[in-house]
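Results of the structural survey
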Amino acid sequence: MELSLEQKFSLRSFESQVQNMSREQAQEFLVKLYGQMMMRENMYKEFLKHEWGLEK
């Protein structure tokens with residue numbers, strides 16, 4: 001699956017921001033980003049449970 005042009009631009013912008021971070025800033029940022037990814041995954045799971053009628 002390919003990224004859209006907008007996503008590619010966003011990725012380049014993100015890359016520039018990360019390159020200007022210190023090691024400590026980058027590590028803190030990655031931990032926060034990983035937490036956000038887990039929260040998003042939980043939201044998708046809850047959404048699918050609701051849509052598929054699997055909620056208790």
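Residues numbered from 1 in each chain as written. Predicted model: local features only at pLDDT ≥ 70, side-chain atom pairs only at ≥ 80, totals over all residues. Heavy atoms only, no water.

The name an unreviewed UniProt entry assigns to the chain is Phycobilisome degradation protein nblA, from the organism Rubidibacter lacunae KORDI 51-2.

It is worth spelling out the packing of aromatic side chains at this point. If you walk through the whole model with that rule in mind, you get one aromatic pair. Relative to Phe29, the ring of Phe14 lies with its centre 5.5 Å away and its plane at 40°, an arrangement referred to as tilted. Of this pair, Phe14 sits in helix 1 (residues 5–19) while Phe29 sits in helix 2 (residues 23–51), placing them 15 residues apart in sequence. (Phe/Tyr/Trp six-rings, centres within 6.5 Å; stacked < 30°, edge-to-face > 60°. Helix = DSSP H or I, 4+ residues; strand = E, 2+ residues; numbered from the N terminus.)

As a further point, take helix 2. Counted at 1.5 Å a residue, the expected span for helix 2 with its 29 residues is 42 Å, and the 42 Å between its end C-alpha atoms agrees. Gly53 sits one or two positions beyond helix 2 and adopts a positive phi of about 70°. (Expected span 1.5 Å × (residues − 1).)

A side chain of one charge can pair with a side chain of the opposite charge when the charged atoms of the two come close. Using the criterion set out here, one finds four salt bridges in the structure. Of the charged contacts in the structure, one is a salt bridge between Glu41 and Lys45, with a shortest N-O distance of 3.3 Å. In this pair, Glu41 and Lys45 are both assigned in helix 2, four residues apart and thus about one turn of the helix distant. Look at Lys45 and you get partly exposed, because its relative accessible area is 44%. (Salt bridge = Lys/Arg side-chain N within 4 Å of Asp/Glu carboxyl O. Buried < 20%, exposed > 50% of the residue type's maximum accessible area, 1.4 Å probe, protein only.)

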